[in-house]
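# Understanding the architecture of this molecule
The residues making up each chain are set out below.
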Amino acid sequence: MVDIATRVWNHKWKIDPIVRSVIDTDFYKLLMCQSIFRNKPDTQVTFSLINRSKHIPLAKLIDEGELREQLDHVRSLSLSRGESTWLRGNTFYGKRQMFRPDFMEWFEGMTLPPYHLERKGDQYELTFEGKWHEVMLWEIPALAILMELRGRAVLDNMGKFELQVLYARAMTRVWEKIGAMRGIPDLSIADFGTRRRHSYLWQDWCVQAMSEGLGGAFTGTSNCKIAMSREVEAIGTNAHELPMVYAALAPDDAALAQAPYDVLQDWQDEHEGNLRIILPDTYGSKGFLDNAPDWLAGWTGIRVDSGDPATAAQIAIDWWKSRGEDPSQKRVIFSDGLDVEKIKTLHSQFSGKVNVSFGWGTLLTNDFRNLVPDDALAPFSLVCKAVAANGKPTVKLSDNPNKAMGPQAEIDRYKRVFGVGDQVAEDVVV
């Protein structure tokens, strides 16, 4: 097992680049990439980094030259023969050859497009423009690089023994969390922590700890590179990015109202079974479900990613019942701001009513809260989102108004079209 503290102390980034592979990314990005490659190959999209935690002055903490060096390194990467073989021949969600030959041929020769980086006060403006299926692959590595460089800026000031104690305490914390979940009956939990991880080595350690500590209750990781190297399942379906871009492309209000369902129709044409998971909250979960076509009720489950999770799960249960479906045969995946107590509470509340699963993210792979002075390693809310498609701005409303994004005039229009009323604001921690 890697001695992380010693590796950090003896750090040479050529040995430990932040992003090591084009598949050091989340599985859902590759699934969505193939869908976009097939359905929207000519759409031009702009992605932008958004630091929701303005009190973290990234441009003060992170050297611009080092940031560019890491970004340039990602552009030098290409799919290895072994990685290609794994993607082409492995079984994902019970299906062999999930990735089609034409997509794989493109992906094997793909190089990430250029980036634009500029310092704006204490923050960085980092944007990516190009064909949607190309620039979308910047999201996860860009987030991982910024998160880890911020962490390295803190770690660089620590001594060797100080680092050893830090990682020993962090490991103990993760292991105690795992121990606290061992008694949960029929637990189903996966690692969703790539985008805001402390580091690649730390995420890899957390996955190994989860695998040993939870056994069959640990269902896999969203990180493709770690899934391949540790021989665990790659987990993931789709994200808000799809309906956000489809909606931006809509020519009028009627097409806008239909856009979130058009996304899932395209998805249904490609996938079945456990990949048919609805993410309903992009423009308000209740309105989305109330207006959903009947065929969507037959999908396997729903992922809850914003707002009050218990309320969202109950809305889904009531919706399934109203459409003549048996909720006990459906799956609800909780994935927003999870930690042990919330996992325990939600499992206790909904176990037996639905099949409950958890995607555990930042507070698995980056919980260094209160372990260093000034809480300088605490996780923070950093996102990289599609902000424009074919020159038109994107909008996300969410079930939590604190996560809304887009020009205010467009936000107001989307709220009108999707019938979004009063919402309860929730703190955005990560």
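This section reports on the structure supplied with the text. (Residues numbered from 1 in each chain as written. Predicted model: local features only at pLDDT ≥ 70, side-chain atom pairs only at ≥ 80, totals over all residues. Heavy atoms only, no water.)

It is worth spelling out the sheet that holds strand S1 (residues 44–51) at this point. Within the open sheet, the 5 strands sit side by side as S4-S5-S1-S12-S13. Their pairing is antiparallel. Of all strands in the sheet, those with a lone pairing partner are strand S4 (115–120) and strand S13 (392–393), marking the two edges. Relative to strand S12 (residues 382–389), S1 runs antiparallel, the two sharing 7 bridges. Among the inter-strand pairings, Asn-51 is bridged to a residue of S12, identified as Leu-382. Running at roughly 145° to S12, helix H8 (residues 139–155) makes contact with S1, strand S5 (123–131) and S12 of the sheet. (Pairing = 2+ DSSP bridges. Helix = DSSP H or I, 4+ residues; strand = E, 2+ residues; numbered from the N terminus. Contact = heavy atoms within 4.5 Å. Axes fitted to C-alpha atoms, helices over the stretch in contact; angles between N-to-C directions.)

Per the stated rule, a full pass over the model turns up 27 salt bridges. Here Glu-125 ties to Lys-120 by a salt bridge, and the two come within 3.2 Å at their closest N and O atoms. Since its relative accessible area comes to 43%, Lys-120 is described here as partly exposed. In this structure, Arg-416 engages Asp-253 in a salt bridge whose closest nitrogen and oxygen atoms are separated by 3.0 Å. Separated by 163 residues along the polypeptide, Arg-416 in helix H18 (residues 408–418) and Asp-253 in helix H13 (residues 253–270) bring together distant segments of the chain. Through salt bridges that share partners, Arg-173, Lys-177, Asp-339, Asp-367 and Arg-369 make up one connected network. (Salt bridge = Lys/Arg side-chain N within 4 Å of Asp/Glu carboxyl O. Buried < 20%, exposed > 50% of the residue type's maximum accessible area, 1.4 Å probe, protein only.)

Our focus in this paragraph is the sheet that holds strand S7 (residues 218–221). Working definition: the strands of a sheet are paired by backbone hydrogen bonds and lie parallel or antiparallel to each other. The strand order across the open sheet formed by 6 strands is S7-S6-S11-S10-S9-S8, and the pairing between neighbours is parallel. Since the sheet does not close on itself, it has two edges, and those belong to S7 and strand S8 (277–278), each with one partner. Alignment of S8 against strand S9 (residues 301–304), held across 2 bridges, turns out to be parallel. By the bridge assignment, Ile-277 is partnered in S9 with Gly-301. Set on the sheet, helix H15 (residues 309–322) makes contact with S8, S9 and strand S10 (331–334); between it and S9 the angle comes to about 160°.

Looking now at unusual backbone geometry. The phi torsion at Tyr-93 lies on the positive side, around 50°, for a residue other than glycine. Relative to the elements of secondary structure, Tyr-93 occurs in the loop between strand S2 (91–92) and strand S3 (95–96). Taking the relative accessible area as the measure of exposure, Tyr-93 reaches 29% and is therefore partly exposed. Backbone geometry at Asn-390 places phi at a positive 50°, although glycine is not the residue there. Examined against the element boundaries, Asn-390 turns out to sit in the loop between S12 and S13. Take Asn-390: its relative accessible area is 45%, and that puts it in the partly exposed class.

Now for helix H10 (residues 200–214). When the terminal C-alpha atoms of H10 are compared, their 21 Å separation across 15 residues agrees well with the 21 Å that a helix rising 1.5 Å per residue should span. The element H10 is largely enclosed, with a buried count of 12 among its 15 residues. Positive phi appears at Gly-215, one or two residues downstream of H10, with a value of about 60°. (Expected span 1.5 Å × (residues − 1).)

Here Glu-139 lies in helix H8. On the basis of relative accessible area, Glu-139 is assigned to the buried category, the value being 4%. There is a polar contact of 2.6 Å between the side chain of Glu-139 and the side chain of Lys-29. Among the polar contacts made by the side chain of Glu-139, one reaches the side chain of Arg-195 at a distance of 2.9 Å. (Polar contact = N/O pair within 3.5 Å; in protein donor to acceptor, adjacent residues only side chain to side chain.)

Moving on, we get to the side chain of Arg-150. The topology assignment puts Arg-150 in helix H8. With no salt bridge to any partner, buried Arg-150 finds its closest opposite charge in Asp-375, at an N-O distance of 7.3 Å. What Arg-150 contacts, discounting residues up to four positions off in sequence, is Ile-56, Leu-58, Leu-61, Ile-62, Asp-375, Ala-376, Leu-377, Ala-378, Pro-379 and Phe-380. (Lys, Arg positive; Asp, Glu negative; His and termini not counted.)

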